[in-house]
Amino acid sequence: MKTYIRNVTLYNGRGSKTEGANLLFDETGILGLGSHDLANQADLVIDGTGLTALPGLIDLHVHLTMDGSPDSMGKTIGDSVGVAAYRALVHAGKQIQSGVVTVRNCGSKYNIDIELRKAISEGIVKGPRIFACGQPITMTGGHCHMFGTEADGIEEVRKAARSKIKEGADFLKLMATGGGLTPGVKAGASQLTEEELAVACQVAKEAGKRTAAHAQGNEGIKNAIRAGVTTIEHGVELDDEAIRLMKERNTYLVPTLAAPYQIVKHGMAAGIPEFAVRKNEEAMIPHRESFRKAHKENIKIAAGTDAGTPFNLHGDFATELELMKEEGMSLQEVIHAATYMAAEALGIEGETGSLEIGKWADVILLEGDPEADFSAFRRVTHVFKSGVSMHTLALEVRDKG
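Just so we're clear, the structure is a prediction, and the values are computed from it rather than from any experiment.

Student: What is the right way to read the state of the cysteines from this model?
Tutor: Among covalent bonds in proteins, the disulfide is the one between the sulfur atoms of two cysteines. Per the counting criterion, the structure on display carries zero disulfides. No disulfide involves Cys106; its nearest neighbouring cysteine sulfur is the one of Cys133, lying 5.9 Å away. For Cys106, a relative accessible area of 1% puts it in the buried group. On the accessibility criterion, Cys133 (1% relative accessible area) is buried.

In structure tokens form, the structure reads like this:
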């Protein structure tokens with residue numbers, strides 16, 4: 001079905017804004033874009049007056065099996081396969097309703113993200129496009145070991161990486177340092193070694209896959225960059241050398257500013273474990289400083305939330321965008337980070353991430369213009385994924401006959 005949006009304010013994801021734009025698309029992609037009236041070619045016409053069109057948003061760091069409750073990690077550890085799957089399905093629905101058309105799931109117990117990706121791809125349920133890694137690779141007792149695949153030494157990591165790809169992972173998630181939600185580990189301490197990280201990156205590269213490294217401490221970050229990871233997740237402690245290495249290696253930063261922000265904001269009074277609050281209080285200021293440094297030095301920054309961590313809810317991408325703006329990004333830079341740059345980090349910038357003729361019709365409409373009112377990101381009126389309306393909730397099950 002051909003959909004036509006007329007007279008809309010359009011941000012193309014690559015720094016351009018057009019008033020009074022017209023957009024024609026269907027399931028094959030974007031067919032028309034500009035000022036010409038193409039309504040006679042459409043099956044559905046939407047009046048875009050007062051609305052803003054954007055490329056479908058991309059969240060590069062979510063955990064679909066985590067629910068954002070005060071002890072979401074503890075709840076995840078205790079979930080059965082069935083409950084974990086139901087959680088992931090509901091959270092996927094919240095993501096697509098909020099305008100997030102593509103997510104990169106950065107670790108799930110039982111490989112639930114891989115299975116949900118299959119169900120969405122086959123049309124069994126509706127939801128965002130999922131890039132899945134299954135269980136993350138971590139050292140014995142390392143960050144997220146409770147639902148990760150533990151491996152020590154080059155050969156064990158090599159086998160674990162190959163196993164993830166065999167299981168259907170789109171990318172590999174690697175734990176270069178400790179983290180704030182794993183009890184008993186120091187958040188910034190190096191974990192997988194540079195050599196271990198490098199062999200996983202080699203396996204991924206040979207399979208045509210990309211990599212993401214959880215990396216908070218400075219030495220662990222640099223180990224991951226030198227090893228060849230595609231994206232640094234969090235990047236709490238970035239010094240000048242780390243910035244230089246990221247420029248040299250074309251490494252992306254996925255900052256996830258919302259994760260520590262929500263934990264520190266709500267604190268132990270809301271039921272968040274004491275160790276998690278303490279570690280995130282220590283991380284939040286250097287985290288913000290590192291983000292500002294990376295932005296100033298023109299590091300490639302792609303948006304990701306860490307959705308599912310305490311009070312960091314699925315469907316609340318807007319908070320991450322607000323924090324990025326608060327820390328110095330312009331509106332166009334925020335949009336770019338949440339669309340085209342995120343697509344580039346995934347290697348799909350030729351298909352999506354911007355509104356251009358021939359690309360997938362991943363299109364969302366906002367009520368209002370975020371240039372005048374940034375809260376417009378919280379007022380999503382229409383969502384199209386590959387030209388198909390996602391108004392129906394992800395929980396809808398199609399009759400397969």
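Once you've had a look at it, read on.
Student: I would appreciate a short explanation of empty space enclosed by the protein in the present structure.
Tutor: With a probe scaled to a water molecule rolled over the atoms, the places where space remains empty come into view. Applying the stated criterion across every chain yields a total of two cavities of 30 Å³ or more. Within this model, the largest cavity holds a volume of roughly 280 Å³. If you go around the largest cavity, you meet 27 residues; those closest to its centre are Gly180, His214, Gln216, His234 and Asp306. Within the residue set of the lining of the largest cavity, elements represented by two or more residues are strand S11 (171-175), helix H8 (258-266) and helix H9 (274-296). Looking at the lining of the largest cavity, the element that brings in the most residues is H9, giving four residues. Within the lining of the largest cavity, the residues separate by chemical class into twelve nonpolar, twelve polar and three charged. Volume-wise, the second largest cavity comes out at about 30 Å³. Looking at the second largest cavity, the residues that line it are Pro70, Asp71, Ser72, Met73, Leu181, Pro273, Phe275 and Pro310. Here the lining of the second largest cavity is built from residues that sort into six nonpolar, one polar and one charged.

Student: When you look at the layout of surface pockets in this model, what are you seeing that I'm missing?
Tutor: Here the largest pocket defines a volume of roughly 270 Å³. What lines the largest pocket is a set of 16 residues, and nearest its centre among them are Ile120, Ser121, Gly127, Lys385 and Met390. Where the lining of the largest pocket is concerned, the elements lending two or more residues are helix H3 (112-121) and strand S8 (129-132). Top element by residues in the lining of the largest pocket is H3. It accounts for three residues. Here the lining of the largest pocket is built from residues that sort into six nonpolar, four polar and six charged.

Student: What exactly am I supposed to notice about the sheet that holds strand S6 (residues 57-62) here?
Tutor: As a general point, the strands of a sheet are linked pairwise by backbone hydrogen bonds and lie either parallel or antiparallel. Overall, parallel pairing links the three strands, which are arranged S6-S7-S8 in an open sheet. The open sheet has two edge strands with one neighbour each: S6 and S8. Pairwise comparison of adjacent strand axes, ignoring direction, gives a mean angle of 15° for this sheet. As judged from the four bridges shared by strand S7 (residues 100-105) and S8, these two strands associate in the parallel manner. Across the sheet, Thr102 pairs through a bridge with Arg129, a residue of S8. Here helix H2 (residues 81-97) sits on the sheet and contacts S6 and S7; the angle it forms with S7, its principal contact strand, is near 135°. Of the strands in this sheet, S7 and S8 are in contact with H3, which crosses S8 at around 150°.

Thresholds, definitions, all that
- Residues numbered from 1 in each chain as written.
- Predicted model: local features only at pLDDT ≥ 70, side-chain atom pairs only at ≥ 80, totals over all residues.
- Heavy atoms only, no water.
- Disulfide = S-S within 2.5 Å.
- Buried < 20%, exposed > 50% of the residue type's maximum accessible area, 1.4 Å probe, protein only.
- 1 Å grid on protein atoms, 1.4 Å probe; cavity = no way out; pocket = protein on both sides within 12 Å on 5 of 7 lines; lining within 4 Å.
- Points joined across faces, edges and corners; volume = space filled by probe spheres on them.
- Helix = DSSP H or I, 4+ residues; strand = E, 2+ residues; numbered from the N terminus.
- Nonpolar A, V, L, I, M, F, W, Y, C, P; charged D, E, K, R; others polar.
- Pairing = 2+ DSSP bridges.
- Axes fitted to C-alpha atoms, helices over the stretch in contact; angles between N-to-C directions.
- Contact = heavy atoms within 4.5 Å.

Keep in mind that these numbers describe shape and distance, not what the molecule does.
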